[in-house]
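Reading the structure
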Amino acid sequence: MGRPAVFLDRDGTLVVERHYLADPARVELVEGAAAALKELAAAGYALVVVTNQSGIARGLYGEAEYRAVQRRIEELLRREGVELDGVYHCPHHPDYTGPCECRKPAPGLFRRAARELGLDVSRSVCIGDRIKDVLPARELGCAAILVRTGYGEEQARDAPEWVRVERDLAAAAEAILAPDRAPSGGGAARRARGAPGWRPGEG
């Protein structure tokens, strides 16, 4: 059996939301994010970033700029003792490049990560600040947490009832590691027909 993973959205979840972030100098980790990831890694979770980067398809920046931003993120995390296990990005947008299997909410990148890293998806968690970041959990059969950072505050009102809502990544990590804690984001996950439901927290 492989390791469980925390599948992390990047912009608005791990780093402060900047509209089409392409400048490494503007990278800022969400407060408490590095410490949260360190705790999750210590508990045995693989840390995997899965991010939509439609700015590439739109011509707003290229792969080189994307990689520069990613290097900066990893540098900041490394300073805090955190190493990511994998980073996967979708450079497409249907209006510019046509349909693809990797743009969230499609589960393609999650499944690829599971194959390449030997992950147990059934024990994993999807975390993001947009509903499309966590919708893959439904097909994957894992848990989902919507955070209120980034676009999460406005997205939370429309979150499916099987998605747990938390204040930020630090609170999400606490929910995963402390099963009995009540949600900090003002909404508990409830089981829905055909949905995976909340497993790590069950709170």
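One structure accompanies this document, and this report is about it. (Residues numbered from 1 in each chain as written. Predicted model: local features only at pLDDT ≥ 70, side-chain atom pairs only at ≥ 80, totals over all residues. Heavy atoms only, no water.)

Moving on to helix α3 (residues 63–79). Residues separated by three or four positions in an α-helix point in the same direction, a consequence of the helix having 3.6 residues per turn. With 17 residues, α3 should cover 24 Å at 1.5 Å per step; its first-to-last C-alpha distance of 24 Å lies within 8% of that length. Contacts made by the buried residues of α3 are with α1 (33–42), β2 (46–52), α2 (54–57) and β3 (86–90). Note on α3: the residue one or two positions beyond its end, Gly81, has a positive phi of about 80°. (Helix = DSSP H or I, 4+ residues; strand = E, 2+ residues; numbered from the N terminus. Expected span 1.5 Å × (residues − 1). Contact = heavy atoms within 4.5 Å.)

Following Lys104, the chain continues into Pro105 via a peptide bond in cis, with omega recorded as 20°. Looking at the secondary structure, you find Pro105 in the loop between α4 (94–97) and α5 (108–117). Of note in the backbone geometry, Tyr20 takes a positive phi value of approximately 55° without being a glycine. Topologically, Tyr20 is positioned in the loop between β1 (5–8) and α1. Owing to a relative accessible area of 30%, Tyr20 belongs among the partly exposed residues under this scheme. (Buried < 20%, exposed > 50% of the residue type's maximum accessible area, 1.4 Å probe, protein only.)

Here we take up the sheet that holds strand β5 (residues 143–147). Pairing in this open sheet of six strands is parallel, and the strands run β3-β2-β1-β4-β5-β6 from one edge to the other. Edge strands, defined here as strands with exactly one partner in the open sheet, are β3 and β6 (164–166). For this sheet, the mean inter-axis angle between neighbouring strands, taken without regard to orientation, is 20°. Each of β2 and β3 touches α3; the most contacted strand, β3, lies at about 150° to it. (Pairing = 2+ DSSP bridges. Axes fitted to C-alpha atoms, helices over the stretch in contact; angles between N-to-C directions.)

Once their charged atoms are close, side chains differing in charge can pair, the charge on each being opposite to the other. Under the counting rule described, the total for this entry stands at 15 salt bridges. Linking Arg123 and Asp120 is a salt bridge whose minimum nitrogen-to-oxygen distance equals 2.7 Å. What makes Asp120 buried here is its relative accessible area of 12%. Shared partners join several salt bridges into a network, and the residues in it are Asp9, Lys104 and Asp133. (Salt bridge = Lys/Arg side-chain N within 4 Å of Asp/Glu carboxyl O.)

One pass over the full model with this rule turns up one aromatic pair. Note on Phe7 and Phe110: the rings are 5.1 Å apart at their centroids and 75° apart in plane angle, and the pair reads as edge-to-face. Taken together, the residues Phe7 in strand β1 and Phe110 in helix α5 connect sequence positions 103 residues apart. Lying over the aromatic face of Tyr151, Arg130 brings its terminal NZ or CZ to 3.9 Å of the ring centre. (Phe/Tyr/Trp six-rings, centres within 6.5 Å; stacked < 30°, edge-to-face > 60°. Lys NZ or Arg CZ within 6 Å of the ring centre and 35° of its normal.)

Membership of the largest hydrophobic core comes to 31 residues, with the highest contact counts inside it found for Leu14, Leu37, Leu77 and Ile127. When residues no more than four places from it in sequence are discounted, the contact partners of Leu77 are Leu14, Leu29, Ala34, Leu37, Val82 and Leu84. Grouped together as the second largest cluster of nonpolar side chains are 26 residues, Phe7, Leu119, Ala156 and Val165 included. (Core = buried A, V, L, I, M, F, W, Y, C linked by side-chain atoms within 4.5 Å.)

Attention shifts here to the side chain of Asp168. By the element assignment, Asp168 lies in the loop between β6 and α9 (169–177). The class of Asp168 is buried, set by a relative accessible area of 13%. Engagement of the side chain of Asp168 in a polar contact is seen with the backbone nitrogen of Ala171, the distance being 2.9 Å. Asp168 has contacts with Glu31, Val147 and Thr149, leaving out every residue within four places of it along the chain. (Polar contact = N/O pair within 3.5 Å; in protein donor to acceptor, adjacent residues only side chain to side chain.)

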